[in-house]
Amino acid sequence: MFVFYSQNALFGMGNPLLDICAVVDKDFLDKYTLKPNDQILAEDKHKAMFEEIVKKFAVEYRAGGATQNSMKVAQWMIQKPSKVATFFGCIGEDRFGEILKEKAQEAHVDAHYYEQSKEPTGTCAACITGDNRSLVANLAAANCYKKDKHLDLEENWKLVKKAKVYYIAGFFLTVSPESILKVAKHASENNKIFGINLSAPFICQAFKDSLLKVMPYVDVLFGNETEAATFAREQGFETEDIVEIAMKTQSLPKVNKKRQRIVVFTQGKECTVMTKGFLSELVQDKPLEQCIRAGHYAANVIIRHVGCTLPEKPDFH
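Residues numbered from 1 in each chain as written. Predicted model: local features only at pLDDT ≥ 70, side-chain atom pairs only at ≥ 80, totals over all residues. Heavy atoms only, no water.

Trainee: Would you mind going over the overall build of the protein chain with me for this structure?
Mentor: Secondary structure summary: the protein chain contains twelve helices and 13 strands in total. Expressed as a percentage of its 317 residues, the buried residues of the protein chain come to 53%. Accessible area for the protein chain stands at about 15,500 Å²; split by element, carbon and sulfur atoms hold 52% of it. (Helix = DSSP H or I, 4+ residues; strand = E, 2+ residues; numbered from the N terminus. Buried < 20%, exposed > 50% of the residue type's maximum accessible area, 1.4 Å probe, protein only. Areas by Shrake-Rupley, 256 points an atom, 1.4 Å probe, with all protein chains shown as cover.)

Trainee: Teacher, can you tell me more about unusual backbone geometry here?
Mentor: Note: most peptide bonds trans; most residues except glycine with negative phi. Cis geometry marks the peptide bond from Lys-80 to Pro-81, where omega comes out at 0°. With respect to the helices and strands, Pro-81 occurs in the loop between α3 (66-78) and β5 (85-92). The phi torsion at Ala-140 lies on the positive side, around 40°, for a residue other than glycine. Mapped onto the secondary structure, Ala-140 falls in the loop between β8 (132-138) and α5 (147-151). In this structure, Asn-191 is a non-glycine residue whose phi angle is positive, near 55°.

Trainee: Even after reading the chapter, I still don't get the packing of helix α10 (residues 225-235) against helix α11 (residues 242-250), so can you show me in this structure?
Mentor: In a pair of packed helices, the angle between the axes and the distance between the axes together describe the arrangement. One can describe the packing of α10 onto α11 by two numbers: an axis separation of 10 Å at closest approach and a directional angle of 60°. Taken together, the axes of α10 and α11 lie oblique to each other. Two packed elements cross with a definite hand, and for α10 against α11 that hand is left-handed. Residue-level inspection shows Glu-225, Ala-228, Ala-229, Phe-231 and Ala-232 of α10 in contact with α11, the latter providing Ile-242, Ile-245 and Thr-249. (Axes fitted to C-alpha atoms, helices over the stretch in contact; angles between N-to-C directions. Parallel < 35°, antiparallel > 145°, perpendicular 65-115°, else oblique. Left-handed = near helix turned anticlockwise from the far one by under 90°. Contact = heavy atoms within 4.5 Å.)

Trainee: Sorry if this is basic, but what is going on with the environment of Tyr-114 here?
Mentor: Counting through the fold element by element, Tyr-114 comes out in strand β6 (residues 110-116). Taking C-alpha positions, Tyr-114 is 9.5 Å from Ala-142, a pair spaced 28 residues apart along the chain.

Trainee: Can you help me understand the nonpolar core in this one?
Mentor: Within the largest apolar cluster, 46 residues are counted, with the highest numbers of intra-cluster contacts made by Met-13, Tyr-145, Val-183, Phe-194, Val-214 and Phe-265. It is helix α7 (residues 177-189) that contributes the most residues to this core, five residues altogether. Those residues in contact with Tyr-145, other than ones at most four positions away along the chain, are Met-13, Phe-88, Gly-89, Cys-90, Tyr-114, His-150, Leu-151, Phe-172, Val-175, Ser-176 and Ser-179. Counting 36 residues, the second-largest nonpolar core is a separate cluster that includes Leu-10, Ile-53, Val-109 and Tyr-113. (Core = buried A, V, L, I, M, F, W, Y, C linked by side-chain atoms within 4.5 Å.)

Trainee: Help me out: how do you make sense of α10 in this one?
Mentor: The α-helix advances 3.6 residues per turn, and as a result positions three or four apart in sequence lie on the same side. When α10 is considered as a whole, its buried residues turn out to be Glu-227, Ala-228, Thr-230, Phe-231 and Ala-232. Considering only its buried residues, α10 is in contact with β10 (193-197), α8 (201-206), α9 (208-214), β11 (220-224), α11 and β12 (262-267). N-capping of α10 is provided by Asn-224, with a side-chain oxygen placed 3.1 Å from the backbone N of Thr-226. Where α10 ends, the next residue or the one after it, Gly-236, has phi of about 70°, a positive value. (Polar contact = N/O pair within 3.5 Å; in protein donor to acceptor, adjacent residues only side chain to side chain.)

Trainee: Hey, could you run me through the sheet that holds strand β2 (residues 17-23) in this one?
Mentor: Across a sheet, paired strands are connected by hydrogen bonds in the backbone, their directions being either parallel or antiparallel. Strand order in the open sheet formed by five strands is β3-β8-β7-β2-β4, with mixed pairing between adjacent strands. Looking at which strands have only one partner, the edges of the open sheet turn out to be β3 (38-41) and β4 (59-64). The mean angle between the axes of side-by-side strands here comes to 20°, regardless of whether they run parallel or antiparallel. Sheet topology places β3 next to β8; four bridges connect them, and they run parallel. Counted as the bridge partner of Ile-40 is Val-136 from β8. Taken strand by strand, α3 contacts β2 and β4, and its axis lies near 90° from that of β4. The strands that helix α4 (residues 95-106) touches are β2, β4 and β7 (123-129); relative to β4, the one it contacts most, it runs at about 70°. (Pairing = 2+ DSSP bridges.)

By themselves these figures say nothing about function.
Next comes the structure, spelled out in structure tokens:
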């Protein structure tokens with residue numbers, strides 16, 4: 001079946017990071033007190049490592065950050081036309097920012113960054129030793145996104161209005177909840193699809209209030225089993241059964257009654273839990289089961305590569 005994809009049909013907003021990947025030695029890990037297999041946020045003692053890794057080792061740069069990676073993968077699955085996926089986020093006016101713009105362009109994502117000079121472009125160093133990977137993220141500029149300086153501008157809001165499907169990682173609730181709400185309300189008022197990812201247990205806890213303000217506008221909620229369990233505890237669901245958590249999450253208050261909420265909880269290699277009941281049109285105009293299958297396929301490809309790197313073309317039917 002031929003499906004027509006329009007440019008800017010998918011919209012994402014989040015924390016853009018330039019992934020800096022390199023095979024490093026044990027001395028480098030020890031110098032910055034890094035574990036061989038870990039994911040941490042950069043502290044002051046790590047600030048110098050981003051320049052040092054570039055000077056000392058052969059590095060590869062990639063456009064990264066949770067939502068930007070999702071836009072990359074969606075665009076890769078679609079292939080043509082390019083720029084079906086739009087992405088907003090904040091970067092610095094610096095060399096890493098320029099590289100990030102190039103990498104987003106290479107991925108055929110229509111990235112429109114808010115550029116500022118107070119903070120440098122966010123980076124994530126992937127320090128590889130053998131089969132291990134130590135990730136150190138420095139959000140920096142990614143934390144500086146401003147609704148009034150970027151999202152509200154007419155030329156940018158036009159791109160938001162062009163979209164049919166919206167996807168934002170929960171991480172962005174720590175940066176600009178007011179931007180998420182504006183996009184979520186637009187989607188709801190125009191009967192478009194708005195999706196959000198729980199992203200991490202701490203989002204369900206420390207940013208519970210911001211998450212609950214957005215929840216009435218959420219058409220598709222994504223999360224893994226750990227995030228689902230934390231969300232359930234915070235909401236007082238009094239159950240640890242993932243199917244029951246999904247059903248209770250689905251029935252939380254919702255503004256747009258034309259769309260029943262879909263809840264998708266992944267469980268690693270175990271089966272994905274999805275609240276079913278109807279078929280909905282996402283960007284692909286495909287049934288939900290097909291969308292889940294596509295997600296599984298993409299995850300299976302990505303897990304075999306270092307960082308969010310992809311073969312030239314997908315082999316998905």
